[in-house]
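Listed below, chain by chain, are the residues.
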Amino acid sequence: MSVTTFVLRRLFMSIFVLLGVTTLTFIISRVVVPNPARAWIGPKPNPDLLKALMKKYHFDEPLYMQYFYYVIGLFTGDWGVDPYSSIPILTEIRMYFPVTIELTILSSLISILLGIPLGILSATHRGKTWDNAVRLSYLISTSVPIFIVALVLLLLLGYWLKIFPVSGQLSLNVARPPTITGLIMVDALLTGNLNAFIDNLYHMILPSFTLALSSFGIITRLVRSSMIEVLEMEYTKTAKVKGLNKNKIFYKHCLRNALIPTVTIFALLTAYFLGGSLFIENIFSLPGMGRYTTQALLMFNIPAVMGTTFLFALIIIVMNFIADVLYALLDPRIALE
Amino acid sequence: MSSKNKGKIKISTFYLRIVRSILKDPLALLGLLIVVCFFSISILVALLGDYILPYDPIKMDFSSILVPPSLNHLFGTDRYGRDIFSRILAAAPTDAFVSVEVIILSAIIGIVLGTLSGFAGRAIDEIVMRLTDIFFSFPSIILAIAIAAVLGPGVRNAAIAITATWWPTYVRLARAETLRIKSLEFVEAAKVSNLSSYQIVLKHIIPNILPTIITYATLDLGGVILTYAGLSYFGLGAQPPLPEWGSEVFAGQDYLVVAPWWPIFPGLVIAIVSIGFALLGDGVRDAFSKQFVSK
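Residues numbered from 1 in each chain as written. Chains lettered and ligands numbered in written order. Predicted model: local features only at pLDDT ≥ 70, side-chain atom pairs only at ≥ 80, totals over all residues. Heavy atoms only, no water.

A. Representation of the overall build of chain A in the model. A tally of helices and strands in chain A yields 16 helices and 0 strands. For chain A, the spread of C-alpha atoms along the principal axes amounts to about 85 × 55 × 40 Å. Classification of the 337 residues of chain A by burial places 50% in the buried group. In chain A, the share of contacts with a sequence separation of at least 24, taken over all contacts with a separation of at least 6, comes to 72%. Surface exposure of chain A reaches about 16,400 Å², of which carbon and sulfur atoms provide 68%. Of note, chain A has its 25 positive side-chain charges centred 9 Å away from the centre of its 17 negative side-chain charges. (Helix = DSSP H or I, 4+ residues; strand = E, 2+ residues; numbered from the N terminus. Buried < 20%, exposed > 50% of the residue type's maximum accessible area, 1.4 Å probe, protein only. Contact = heavy atoms within 4.5 Å. Areas by Shrake-Rupley, 256 points an atom, 1.4 Å probe, with all protein chains shown as cover. Lys, Arg positive; Asp, Glu negative; His and termini not counted. Charge placed at Lys NZ, Arg CZ, Asp CG, Glu CD.)

B. Main features of the packing of helix α7 (residues 146-160) of chain A against helix α9 (residues 194-213) of chain A. Residue and element names in this part refer to chain A. Interaxial distance between α7 and α9 falls to 10 Å at its minimum, and their mutual angle equals 140 degrees. In terms of orientation, α7 and α9 fall into the oblique class. The handedness of the crossing between α7 and α9 comes out as right-handed. Contacts between α7 and α9 involve Ile146, Val149, Ala150, Leu153, Leu154 and Leu157 from the former and Leu206, Phe209, Thr210, Leu211 and Leu213 from the latter. Residues of the contact of α7 with α9, tallied by class, amount to 10 nonpolar, 1 polar and no charged. (Axes fitted to C-alpha atoms, helices over the stretch in contact; angles between N-to-C directions. Parallel < 35°, antiparallel > 145°, perpendicular 65-115°, else oblique. Left-handed = near helix turned anticlockwise from the far one by under 90°. Nonpolar A, V, L, I, M, F, W, Y, C, P; charged D, E, K, R; others polar.)

C. Representation of the packing of aromatic side chains within the structure. This model, assessed by the stated rule, comprises 22 aromatic pairs over all chains. Here lysine 182 of chain B stacks its cationic end above the ring of phenylalanine 119 of chain B, 5.3 Å away from the centre of that ring. (Phe/Tyr/Trp six-rings, centres within 6.5 Å; stacked < 30°, edge-to-face > 60°. Lys NZ or Arg CZ within 6 Å of the ring centre and 35° of its normal.)

D. How the structure looks around the environment of leucine 244 of chain A. Residue and element names in this part refer to chain A. Note that leucine 244 resides in the loop between α11 (234-241) and α12 (246-259). C-alpha of leucine 244 to C-alpha of valine 223: the two residues are 21 residues apart in sequence and 23 Å apart in space. Residues contacting leucine 244, with those up to four places away along its chain left out, are Ala239, Ile249 and His253.

E. Main features of the environment of valine 223 of chain A. Residues and elements named next belong to chain A. Within the secondary structure layout, valine 223 lies in helix α10 (residues 216-231). Between the alpha carbons of valine 223 and leucine 330 there is a distance of 16 Å; along the sequence they are 107 residues apart. Residues within four places of valine 223 in sequence aside, it is in contact with Ile116, Gly119, Ile120, Leu259 and Thr262.

F. Quick peek at the packing of helix α1 (residues 3-32) of chain A against helix α4 (residues 122-136) of chain B. Here α1 of chain A crosses α4 of chain B at 65 degrees, and the two axes come no closer than 9 Å. In terms of axis orientation, α1 of chain A runs roughly perpendicular to α4 of chain B. The way α1 of chain A lies across α4 of chain B gives a crossing that is right-handed. On the side of α1 of chain A, the interface is formed by Met13, Phe16, Val17, Gly20, Val21 and Leu24 of chain A, while α4 of chain B contributes Arg130, Asp133, Ile134 and Phe135 of chain B.

Keep in mind these numbers describe shape, not what the thing actually does.
Laid out in structure tokens, this is it:
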């Protein structure tokens, strides 16, 4: 299979899975939910308005037509309307999403910085104390609920030692830079407001670190196993026999090849971060998707909950696709198989 | 073991090997101890309930609000004066029950769809696999939360919601095991002796994939407990005033500074139980690394 065929095949699969995802979210939000019209339109519209809205949202039509309109809506930017605020879901998501993007990017960086060196350390000291310590640490970090990690760190580093701020995105005395992208750090840089950049970064470190702490094990585990595999490859042994410099073998032959599989992990990692944002944004009072979703949850705001659910799945499908294509480009054997 | 049945292990040997590898590994042993304690306490509390709890977990006592941990109140009290230790104990059976329920349902779905996928030809295999892909596209916690939210809060609905996100792993596991067993010679022999596919699956495949699935499922209980804690944190588990590990943390987190024991102790209990399962699982996985499909 050539790389192009591989990419096309993966693209086809992704589209299929995406349609499957829309079917699932449709079933959950229009079939499983008791009284779907009430869930989508809101708890107390007057009868005339209800009738008009039922017609507008196609609730008076058979299910397969509803599904048709639902999918068309999803792909044309109509994700429904928040029944409480009467604001379109996508507009609300645009307001809340930037914080979660910041959180996800920072968490990725921290978990790479933590995960890769620990994975290498573990692989090069296989079976020894360091290896066992690393394995135990990621075992524990993935088993402790993220909200507990968050609360303990918040209490210790935020309230008791006062090293980090305990909530929000900016200090009270720092003005928010004008919105260009919505990402405060990017906006601050674009407007040359270094003060706001640093302050926002300072506020985001503890939440991002918490997320990274409960997910770096995903990277560590992968780097460890792929490093062990590479270290045992014939070409590594050949290089050693040839008498090449040990460091050179390590960085040029081993590390590069061992890190290639890590591109596949980012979709999984993003899934962790997005799931974790539900808890983290709540505990650190960050106005992102996680907080948006949990507030919607408490109000039985079904369009908002389903909007996030679909968005998260969409992100992961796209990331999976990109990861597979990157992987095939970096290691053409994958496409050949 | 003869070479023609390579890969097929006698069930007794299978469990014997697991026990032996756990006994050799102190961390796995610690995990086993935690898991056994968790289930024993759950069963004891479920059976004897009020007789063994130090305090009534629901009755409010406004004379002892937010009391710090002491010998009287091991984990302190909440803002209604309820003993947190008693509430944690009282909630244990729910967690045990939900986790077992979710795992059994998922394993059944997994075995049915997984053997079907591995045995019924490419078209069905492709459909079932793409179906699991769809479910793997969601962060499982958000899918579970969405389903639980739509169904309405409660223990039963939370269990249904988690099962809905949990089964695909079991389909993959059962399918991989089916494919492995299917290629062994005794299955070929069964085919030659004119057994139908249905009979082969029932008599040869399922009994041989069960040990792996049961082992994986047992260790997977910790994952369900963790997810259920997440759902109950958002109030989607048992409803107040009934105690629930996750919702206890949520209720207590507003008192993090004034009364850290309120959110922290229930959280630590969830962590300890979950770590117990993970340690035990790691020990067992060491012995059988090849037979496990990683999640």
